[in-house]
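Observations on the three-dimensional arrangement
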Amino acid sequence: MIETNRLDRGFYRYQKEFEDKALEVLRSGWYILGQEVSSFEEEFASYMGSGYCVGLASGLDALILAFRALGIGKGDEVIVQGNTYIASVMGITINGASPVFVEPDEYYNIDASKIEEKITEKTKAVLVVHLYGQASDMGRITEICKKHGLRLVEDCAQSHGSCFNGKKTGTFSDVGCFSFYPSKNMGAFGDAGAVITDDKDIAENIRVLRNYGSEKRYHNKAVGMNSRLDEIQAGFLRIRLKHLNELNDEKKEIASVYDREIKNDLITLPEIREHCEHIYHQYVIRTEKRDVLKEYLEKNGIKTIIHYPIPPHLSEAYRYLGKEKGSLPITEGYADEVLSIPMYNGLLREEQERVTEVLNEYKGSV
Ligand SMILES: *Cc1c(COP(=O)(O)O)cnc(C)c1O
């Protein structure tokens, strides 16, 4: 069976480094917000080319704190693409703000040409998601935000190190939000997240909010949360960061095998927009009878996942928004047709060939 992911392979590749770091932290006697966290924050900010990084407990927390630090909440609207992971939307709504959905383009990212028609008096920000690892059309989007005086936030949970025009995603906006969930391109061995920003005040604000709103112990200046980053995860992330370019390159190499070798008229392969780098957090194909293809692959020993079968506006959690089925036809069409095929560090050449071969033999039935 070829699995959808094999996180163990990512561990064994750098086993010695991870094990040494684990022992070092365990023996240090300091486990939360210490030297590993501050070193990681410095190294991640420097890799990204950003002024500041604040380590957090998850990607969702990064989004929640980004909007909170920007003062976006009740009565405000935030523009976001319809076809994203639901956490992007939760980052907006947990603050009391409302999501305004925009359809994606053929690259699965927000269609920049459809943003302006959604701007109202209440619009305060655009949340860009670099979905599946491909950078969004940041040239157009930054221009629109500037023209209308909107804040810009980036959800980089799937785009660690991916660039637009040679500049890293996360550095185009007021705040770049990252998740280091184990299966992301840069994954911890547990939950972790971070924000990056060039704004010193925003960084300071989020740094205080992540620790009960306290700047100095027992002096709480805001109702914050507990979103601290563990030393051991920060230590592991420093190792992953050191290898991030080679990890991304390996995934790009696998993608180039798929691009070159998958040839089936029933299947649409992912494409890359000019200037938009893709680091293939997922390699997402599309086909009309997606569930049939999924079953066919499974029968042939290949597991796949759907990112994502239910778009946020149709999920039970967001029924209160009152969005009907049919309100976002492109988003909903993708939810019915997309399929993520095996794409991970350590996917063997013979496994890549098996995936290709089985896909090429697919004739539209199980
Ligand atoms: C993973 C992910 C998140 C949430 O990150 P967590 O660390 O799981 O909270 C947010 N947005 C997107 C696009 C993601 O893929």
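Not measured: the values here are computed from a predicted model.

Rules of the game
- Residues numbered from 1 in each chain as written.
- Predicted model: local features only at pLDDT ≥ 70, side-chain atom pairs only at ≥ 80, totals over all residues.
- Heavy atoms only, no water.
- Near = heavy atom within 4 Å.
- Polar contact = N/O pair within 3.5 Å; in protein donor to acceptor, adjacent residues only side chain to side chain.
- Areas by Shrake-Rupley, 256 points an atom, 1.4 Å probe, with all protein chains shown as cover.
- Helix = DSSP H or I, 4+ residues; strand = E, 2+ residues; numbered from the N terminus.
- Nonpolar A, V, L, I, M, F, W, Y, C, P; charged D, E, K, R; others polar.
- Patch = residues over 30% accessible without salt bridge, like charges linked within 9 Å, V, L, I, M, F, W, Y side chains within 5 Å.
- Salt bridge = Lys/Arg side-chain N within 4 Å of Asp/Glu carboxyl O.
- Buried < 20%, exposed > 50% of the residue type's maximum accessible area, 1.4 Å probe, protein only.
- Axes fitted to C-alpha atoms, helices over the stretch in contact; angles between N-to-C directions.
- Parallel < 35°, antiparallel > 145°, perpendicular 65-115°, else oblique.
- Left-handed = near helix turned anticlockwise from the far one by under 90°.
- Contact = heavy atoms within 4.5 Å.
- Disulfide = S-S within 2.5 Å.
- Phe/Tyr/Trp six-rings, centres within 6.5 Å; stacked < 30°, edge-to-face > 60°.
- Lys NZ or Arg CZ within 6 Å of the ring centre and 35° of its normal.
- Core = buried A, V, L, I, M, F, W, Y, C linked by side-chain atoms within 4.5 Å.
- Domains from an automatic or database assignment.

Describing the site of the ligand
Inspection of the region around the ligand gives Ser58, Gly59, Leu60, Tyr85, Ala87, Ser88, Val129, Asp155, Ala157, Gln158, Ser179 and Lys184 as its neighbouring residues. Within the side chain of Asp155, a nitrogen or oxygen atom sits 2.7 Å from a nitrogen atom of the ligand. When the ligand sits alone it has 380 Å² of accessible area, and the protein chains cover 91% of it. Broken down by secondary-structure element, the contributors of at least two residues to the shell around the ligand are helix H4 (59-69) and helix H5 (86-93). Its residues assigned to classes, the shell around the ligand comprises 5 nonpolar, 5 polar and 2 charged.

Considering a nonpolar patch on the surface
Taken together, Leu23, Leu26, Tyr31 and Ile32 make up a surface patch of nonpolar side chains, about 370 Å² in accessible area. When you line up the elements, Tyr31 lands in the loop between helix H2 (15-28) and helix H3 (35-48). Taking relative accessible area as the criterion, Tyr31 reaches 45% and is therefore assigned partly exposed.

Overview of the packing of H4 against helix H7 (residues 200-209)
In the contact formed by H4 and H7, the axes pass within 10 Å of each other and the chain directions differ by 125°. Between H4 and H7, the angle falls in the class oblique. For H4 against H7, the interelement crossing comes out right-handed. Along the contact surface, H4 presents Leu65, Ala66, Arg68 and Ala69, while H7 presents Ile202, Asn205, Ile206 and Leu209. Looking at the contact of H4 with H7 residue by residue, the class counts come to 6 nonpolar, 1 polar and 1 charged.

Focus: the state of the cysteines
As enumerated under the stated definition, the model contains 0 disulfides in all. Looking at Cys156, it has no disulfide partner, and the nearest cysteine sulfur is the one in Cys177, 7.2 Å off. With relative accessibility at 0%, the residue Cys156 sits in the buried group. Not engaged in a disulfide, the cysteine Cys276 finds its nearest cysteine sulfur in Cys163; these two sulfurs lie 11 Å apart. The class for Cys276 is buried, based on a relative accessible area of 3%.

Some words on the packing of aromatic side chains
Applying the stated criterion across every chain yields a total of 20 aromatic pairs. Ring centres 5.7 Å apart and planes at 25° place the aromatic pair Tyr280 and Tyr283 in the stacked group. For Tyr280, a relative accessible area of 4% puts it in the buried group. In this structure Tyr283 comes out as buried when scored by relative accessible area, which is 0%. In this structure an aromatic cluster arises from ring pairing among Phe11, Tyr12, Tyr14, Phe18, Phe189 and Phe236. Looking at Lys167, its charged tip hangs above the ring of Phe172, at a distance of 5.1 Å from the centre. Just above the ring of Tyr47 sits the side chain of Lys168; from NZ or CZ to the centre is 4.6 Å.

Section: the nonpolar core
Within the largest apolar cluster, 61 residues are counted, with the highest numbers of intra-cluster contacts made by Tyr258, Tyr283, Leu293 and Leu359. Tallying contributions element by element places H4 first for this core, with 7 residues. Looking at which domains feed residues into this core, each of domain 1 (7-102 + 110-239) and domain 2 (245-360) supplies at least three. Beyond its immediate stretch of four places on either side in the chain, Tyr258 contacts Leu269, Tyr283, Ile341, Pro342, Met343, Leu347, Gln352, Val355 and Thr356. Counting 20 residues, the second largest nonpolar core, distinct from the first, contains Phe40, Ala45, Met48 and Ala192.

Read these as spatial facts, not as claims about activity.
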